[in-house]
Amino acid sequence: MSNAVDTLITVADSVEQSSGPGSDWILHHVMDSKELDFEPLFTIHIPQFPTVFGIDMTPTKHVIFMWLAAFLVILTFTIIAKRYKKSLVPKGITNFFEVFILFVRDEIAKNTIGKGYEKFVPYLLTIFFFILFGNFLGLIPWSATFTSNISVTASLAICSFFMIQIGGIRQNGFFGYFKGLIPHGIPPVLLVLMIPVEILGLFTKPFALAIRLFANMIAGHFVILSLIGLIFFMGTVLVAPGAILFAIFIYLLEILVALIQAYIFTILTSMFIGMAVHQEH
Amino acid sequence: MDFSLAWLAAGLGAGLVVIGAGLGIGKLASSAMDASGRQPEAAGAIRTSMIIAAALIEGVAFFGLVICILLAIKT
């Protein structure tokens, strides 16, 4: 029994000497990197790709996981689409995903966009499942969460931004859309204030979408890593039961947060599309 | 360079952020409970709106948290 404790202490000491407690260890696990490490077994170094127009084209860890999530989404939905062609009665995996697909179409798109919602359902389904698969992939040990990368969430928010503007401009005309941003029946004195506020509002809403998803995902992983790192920081194995129990609880909470964040991103995008398309409200 | 004030600021800031978020979401949850108690049929719709509002409040809290993290990882 004391032998096991001694080995644990030796391992903990060696880890503390090697990477040390502090922000670098935690940052190493959440940030992007050019190698896939499955510590302590082996580390795969990603080969260097050529530089195109000054941008280094080496796929990093998050890029590889994005490819994996995209591949999984495409695979799943190709299978589901083929099964729907055979018969409209779902069973098995089709049945499972039909719940989510109908949820996005009815509760999210139809409720918030109203008339003409069918055009936007494919985009909303895509981002919902891409973010969902990405968040869930991040919960598997030894994997990376690509939604905890600000570049990825900013790109998703930029895609939503274009969807919102194009949807609004297509419905209301180019000048009609911008004119419709200002609400009716306000005294002209307030126009000086309202025009910059509304134009700024066009940009702050997707910005908030990006930051919300990024911060939620990275905060969850930070907390789990900090709790586990507490064992190494304290240097004793006696904090291990409490720390691991808390870490498991936060892990389960992370599953809920993954679902909720995908839902929130989708429903806020859909609300902004609804506000842009039907500007009377 | 001496970064001790940055680390102190990060800790204090995170605490204040949590107070704000906790108060806000607590008030929201309390209204949701009251409304669900008065009209149990509307519990589903209330729950959906509650989750959306909670995520928005949490989003604002995370803005502050991101700044605290930026302060805390200064080396």
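Residues numbered from 1 in each chain as written. Chains lettered and ligands numbered in written order. Predicted model: local features only at pLDDT ≥ 70, side-chain atom pairs only at ≥ 80, totals over all residues.

Colleague: Help me out: how do you make sense of the overall build of chain A in this one?
Modeller: Of the regular secondary structure elements, chain A holds nine helices and four strands. If you list the helices and strands of chain A from N to C, you get α-α-β-β-β-β-α-α-α-α-α-α-α. For 281 residues, the compact-globule formula gives about 19 Å, and the C-alpha radius of gyration of chain A, at 23 Å, lies well above that figure. Out of the 281 residues belonging to chain A, those deemed buried represent 26%. (Helix = DSSP H or I, 4+ residues; strand = E, 2+ residues; numbered from the N terminus. Rg over C-alpha atoms; globule rule 2.2 N^0.38 Å. Buried ≥ 20, exposed ≤ 12 C-beta atoms within 10 Å, placed from the backbone.)

Colleague: For this particular structure, what's the right way to read the overall build of chain B?
Modeller: For chain B, the helix and strand inventory stands at two helices and zero strands. Relative to its length of 75 residues, chain B is extended, with a C-alpha radius of gyration of 17 Å against a globular reference of 11 Å. C-alpha atoms of chain B, sized along the principal axes, occupy 60 × 15 × 10 Å. Scored against the burial criterion, the 75 residues of chain B give a buried share of 9%. Restricting to contacts in chain B with at least 6 residues of sequence separation, those with at least 24 account for 77%. (Contact = placed C-beta atoms within 7 Å.)

Colleague: I'm lost on the interface of chain B and chain A in this one. Help?
Modeller: It is common to give the size of an interface as the accessible area that goes away when the parts come together. The interface of chain B with chain A comprises ten residues on the first partner and eleven residues on the second. A breakdown of the residues in the side of chain B that touches chain A according to their chemical character gives nine nonpolar, one polar and no charged. (Nonpolar A, V, L, I, M, F, W, Y, C, P; charged D, E, K, R; others polar.)

Colleague: Even after reading the chapter, I still don't get the packing of helix α3 (residues 61-86) of chain A against helix α4 (residues 93-113) of chain A, so can you show me in this structure?
Modeller: Residue and element names in this part refer to chain A. Running from amino to carboxyl end, α3 crosses α4 at an angle of 105°, the nearest separation of the two axes being 10 Å. It follows that α3 is roughly perpendicular to α4 by the angle criterion. Only I93, T94 and F97 of α4 make contact with α3, whose side of the interface consists of T76, I79, I80, R83 and Y84. Along the lines of polarity and charge, the residues of the contact of α3 with α4 split into five nonpolar, two polar and one charged. (Axes fitted to C-alpha atoms, helices over the stretch in contact; angles between N-to-C directions. Parallel < 35°, antiparallel > 145°, perpendicular 65-115°, else oblique.)

Colleague: How should the nonpolar core be read in this particular structure?
Modeller: Across soluble globular proteins, you tend to see nonpolar side chains buried next to one another. Judged by nonpolar contacts, the single largest core of 47 residues is most densely connected at A:F128, A:I131, A:F265 and A:I273. Within the residue set of this core, elements represented by two or more residues are α3, α4, α5 (121-137), α6 (150-172), α8 (191-234) and α9 (240-277) of chain A together with α2 (43-72) of chain B. At eleven residues, α9(A) tops the list of elements feeding residues into this core. (Core = buried A, V, L, I, M, F, W, Y, C linked by C-beta atoms within 7 Å.)

Colleague: What's the story with unusual backbone geometry in this structure? I'm lost.
Modeller: As a rule of thumb, non-glycine residues mostly have phi less than zero, and peptide bonds are mostly trans rather than cis. All names here are of chain A. Although it is not a glycine, F53 sits at a positive phi angle of roughly 55°. Assignment of secondary structure puts F53 in the loop between β3 (51-52) and β4 (55-56). Unlike most non-glycine residues, W142 shows phi in positive territory, near 70°. By secondary structure assignment, the location of W142 is in the loop between α5 and α6.

Colleague: What is the right way to look at the pairing of strand β2 (residues 42-45) of chain A in this model?
Modeller: Two faces make up the sheet, and in a regular strand the side chains alternate between them. Residues and elements named next belong to chain A. When strand β1 (residues 35-38) meets β2, the two strands line up antiparallel, connected through four bridges. Directly across from E35, in β2, lies its bridge partner H45. Hairpin geometry of β1 and β2 is characterised by an intervening segment of three residues between the two adjacent antiparallel strands. (Pairing = 2+ DSSP bridges.)

Colleague: It is not clear to me how the confidence of the model for chain A should be interpreted in this structure. Could you clarify?
Modeller: Where the model shows low pLDDT, its predicted coordinates should not be examined in detail. For chain A, per-residue confidence averages 87 on the pLDDT scale, and 93% of positions sit at 70 or higher. When mean pLDDT is compared element by element in chain A, α5(A) scores highest at 95, while helix α1 (residues 2-18) of chain A scores lowest at 62. (pLDDT = per-residue confidence, 0-100.)

Colleague: Explanation requested: the packing of α5(A) against α9(A) in the structure shown.
Modeller: Two packed helices can be described by the angle between their axes and the distance between those axes. Residues and elements named next belong to chain A. Two elements in contact, α5 and α9, have axes separated by 9 Å at closest approach and are oriented at 160°. Comparing the axis directions of α5 and α9 gives the class roughly antiparallel. α5 and α9 meet at a crossing whose hand is right-handed. The segment α5 lies against α9, with L124, I127, F128, I131, L132, N135 and F136 engaging A258, L259, Q261, A262, F265, T266, T269 and S270. Its residues assigned to classes, the contact of α5 with α9 shows ten nonpolar, five polar and no charged. (Left-handed = near helix turned anticlockwise from the far one by under 90°.)

Colleague: Got a minute to help me understand α6(A) in this structure?
Modeller: Along an α-helix, a turn takes 3.6 residues, which lines up residues three or four apart on a common side. All names here are of chain A. Compared with an ideal rise of 1.5 Å per residue, which puts 23 residues at 33 Å, α6 spans 32 Å between its outermost C-alpha atoms and is within 8% of the ideal. Looking at α6, one finds that the buried residues are V152, T153, L156, A157, S160, M163, I164, G167 and G168. Looking at the packing, one finds that the buried side of α6 touches α3, α5, α7 (174-181), α8 and α9. Remark: G173 follows α6 within two positions and exhibits a positive phi of approximately 80°. (Expected span 1.5 Å × (residues − 1).)

Colleague: What is the right way to look at the environment of A:F222 in this model?
Modeller: Residue and element names in this part refer to chain A. Relative to the assigned elements, F222 resides in helix α8. Sequence separation between F222 and V73 is 149 residues; the distance between their C-alpha atoms is 27 Å. Sequence-distant contacts of F222, that is, excluding residues within four places in its chain, are made with I26 and V30.

Colleague: Help me understand the environment of A:F246, please; the structure alone is not making it clear to me.
Modeller: All names here are of chain A. Counting through the fold element by element, F246 comes out in helix α9. Of the residues examined, F246 has 16 C-beta atoms within 10 Å and is grouped as partly exposed. For the pair formed by F246 and Q279, sequence separation is 33 residues and the distance between their alpha carbons is 47 Å.

Colleague: When you look at the environment of A:P50 in this model, what are you seeing that I'm missing?
Modeller: The topology assignment puts A:P50 in the loop between β2 and β3. Spatially, the C-alpha atoms of A:P50 and A:N149 are 23 Å apart, while their sequence positions differ by 99 residues.

Colleague: So what exactly am I meant to see when it comes to the confidence of the model for chain B here?
Modeller: When pLDDT is averaged across chain B, the result is 91; 100% of the residues are at 70 or more. Per the prediction output, this complex has pTM 0.86; the corresponding ipTM is 0.83.

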